[in-house]
Amino acid sequence: MAARPEGVLPLDGGRGLRTVMTRLGDNPGMVMARHWYSSSPVVDGHPLLAEPGFWPAYLADLADGFVPEAFGSDAGDADAMLDTLHDPSAWPMFTVPLAGGFTIVVHFNSGEEFTTTDYFLTHPDWSQDLVLASDDQDRIGPGLCWPELAALLEAPPGAAGVTDLHARLLLLLPVLGDAAIPEEAVTAVVEALVAQGAPEASEALARHLLQGHPMWGAENWWFDDDEHSWLCEGDHSPRKVPLGDHLPPQQRAALEACLTPR
């Protein structure tokens, strides 16, 4: 067996993500995909957050038509970071810690021809992770509406991973796809962009980023009082069914609390 590159995280399993995500059926949120990364060169992506050009590279799909300078970045730095994020020999992974022990894990998955980004909702008590979104060729998303994303911006005390609220917002923007975006969301994204080095006049970029990922766009959501869950109309969304509807009542209640604005 080949030596694992320096900094690569050992994970359980033995196959690539694409092997288990090609046919998701009616409930793509039930895929155990994250556990099949073991032989893949996953590396800690958190140091990249502070590197020049990270945000225009990371949000390139959402920011089509905007130059890296709109983020306050140099085009050369953005190109170099895009190469880093799409490196087949080192797949960056980021963790966004949530209340109640939940975590959103962001995985880059680079093959020889193309790169996908996958977003998993995890909990140490679960035997299966929930897939919130993936820009794989089968596309899964959107995975969050604005009220849920707004509830996740503040990191729990003492958490490890991505804890800065501005970085958390920008990192999770690709999962969002909400047709009813309030003005407060635009303000929040502008503040996040400026905090990460963008010019003060970033409203146009913020509004564009809030239009949703080009693979699934913005969809209509509604809150089901009986299920205590937001539901999405999107054809490719894993949220067409209540999030965590397979979980035991206690775990389901904890998940609902995690995603409820405080």
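Quick look at the structure, then.

Conventions adopted
- Residues numbered from 1 in each chain as written.
- Predicted model: local features only at pLDDT ≥ 70, side-chain atom pairs only at ≥ 80, totals over all residues.
- Heavy atoms only, no water.
- Helix = DSSP H or I, 4+ residues; strand = E, 2+ residues; numbered from the N terminus.
- Buried < 20%, exposed > 50% of the residue type's maximum accessible area, 1.4 Å probe, protein only.
- Contact = heavy atoms within 4.5 Å.
- Pairing = 2+ DSSP bridges.
- Arc of directions from axis to C-beta.
- Polar contact = N/O pair within 3.5 Å; in protein donor to acceptor, adjacent residues only side chain to side chain.
- 1 Å grid on protein atoms, 1.4 Å probe; cavity = no way out; pocket = protein on both sides within 12 Å on 5 of 7 lines; lining within 4 Å.
- Points joined across faces, edges and corners; volume = space filled by probe spheres on them.
- Nonpolar A, V, L, I, M, F, W, Y, C, P; charged D, E, K, R; others polar.
- Phe/Tyr/Trp six-rings, centres within 6.5 Å; stacked < 30°, edge-to-face > 60°.
- Salt bridge = Lys/Arg side-chain N within 4 Å of Asp/Glu carboxyl O.
- Axes fitted to C-alpha atoms, helices over the stretch in contact; angles between N-to-C directions.
- Parallel < 35°, antiparallel > 145°, perpendicular 65-115°, else oblique.
- Left-handed = near helix turned anticlockwise from the far one by under 90°.
- Patch = residues over 30% accessible without salt bridge, like charges linked within 9 Å, V, L, I, M, F, W, Y side chains within 5 Å.
- Areas by Shrake-Rupley, 256 points an atom, 1.4 Å probe, with all protein chains shown as cover.
- Lys, Arg positive; Asp, Glu negative; His and termini not counted.
- Charge placed at Lys NZ, Arg CZ, Asp CG, Glu CD.

Secondary structure assignment for the chain yields eight helices and seven strands. Going through the 262 residues of the chain one by one, you find that 50% of them count as buried. Contacts in the chain between residues far apart in sequence, at least 24 positions, make up 62% of those at least 6 positions apart.

The buried fraction of strand β4 (residues 115–122) amounts to eight of the eight residues, a majority that puts the element mostly inside the structure. Here β4 shows no split at all, with Thr-115, Thr-117, Tyr-119 and Leu-121 on one side and Thr-116, Asp-118, Phe-120 and Thr-122 on the other all buried. Where strand β3 (residues 103–110) folds back onto β4 in an antiparallel hairpin, the turn is made up of four residues. Bridging between β4 and strand β5 (residues 130–134) involves four bridges; their strand directions are antiparallel. Its bridge partner lying in β5, Leu-121 is registered against Leu-130.

Moving on: helix α3 (residues 75–85). For α3, the full list of buried residues reads Ala-78, Met-81 and Leu-85. Take α3 and look down its axis: the buried residues cluster within an arc of 65°, on one side only. Buried-residue contacts for α3 involve α2 (54–58), β2 (91–97), β3 and β4. The opening residue of α3 is Asp-74, an N-cap whose side-chain oxygen sits 2.8 Å from the backbone nitrogen of Gly-76.

What follows is about the layout of surface pockets. Estimated volume of the largest pocket: approximately 210 Å³. Residue lining of the largest pocket: 16 residues in total, with Tyr-58, Asp-61, Phe-108, Thr-117 and Asp-135 positioned closest to the centre. Counting residues per element, the ones that place at least two in the lining of the largest pocket are α2 and β4. Each residue belonging to the lining of the largest pocket can be placed in one class, and the counts come to 10 nonpolar, four polar and two charged. The volume enclosed by the second largest pocket comes to roughly 160 Å³. Lining the second largest pocket are 13 residues, with Phe-223, His-228, Ser-229, Glu-256 and Leu-259 positioned closest to its centre. Residues that form the lining of the second largest pocket fall into these classes: six nonpolar, three polar and four charged.

What follows is about the packing of aromatic side chains. Under the defined criterion, the tally for this structure stands at eight aromatic pairs. Ring geometry for Phe-94 against Phe-108: centres 6.4 Å apart, planes inclined by 70°, an arrangement best described as edge-to-face. With Phe-94 in strand β2 and Phe-108 in strand β3, this pair connects stretches of sequence that are 14 residues apart. Neither residue differs from the other here; Phe-94 and Phe-108 are each classed as buried.

Before going further, it helps to spend a moment on the pattern of salt bridges. Following the criterion strictly, the structure yields five salt bridges and no others. With a shortest N-O distance of 2.8 Å, Glu-183 and Arg-207 are connected by a salt bridge. One end of the pair, Glu-183, is in helix α6 (residues 183–195); the other, Arg-207, is in helix α7 (residues 203–209), and 24 residues separate them in sequence. One salt bridge connects Arg-252 with Glu-227, and the closest N-O pair in it is separated by 3.6 Å. Taken together, the residues span a long stretch of sequence, with Arg-252 in helix α8 (residues 249–258) and Glu-227 in the loop between β6 (221–224) and β7 (229–232) at a distance of 25 residues. Of the residues examined, Glu-227 reaches a relative accessible area of 32% and is grouped as partly exposed.

Before going further, it helps to spend a moment on the packing of helix α5 (residues 165–172) against α6. At a minimum axis separation of 9 Å, α5 and α6 run at an interaxial angle of 110°. It follows that α5 is roughly perpendicular to α6 by the angle criterion. Remark: the crossing between α5 and α6 carries left-handed chirality. Here His-166, Leu-169 and Leu-170 of α5 come into contact with α6, specifically with Ala-188, Val-189, Glu-191, Ala-192, Leu-193 and Ala-195. Here the residues of the contact of α5 with α6 are counted per class, giving seven nonpolar, one polar and one charged.

This part is about a negative patch on the surface. Together, Glu-69, Asp-74, Asp-77, Asp-79 and Asp-83 line one region of the surface with negative charge. Within the secondary structure, Asp-83 is located in helix α3.

Direction of pairing for β6 relative to β7: antiparallel, over a ladder of four bridges. Following the sheet pairing, Trp-221 is matched in β7 by Cys-232. Remark: four residues form the turn of the hairpin made by β6 and β7, two consecutive strands paired antiparallel; His-228 in that turn has positive phi of roughly 55°.

Taken by themselves, the reported measurements are silent on function.
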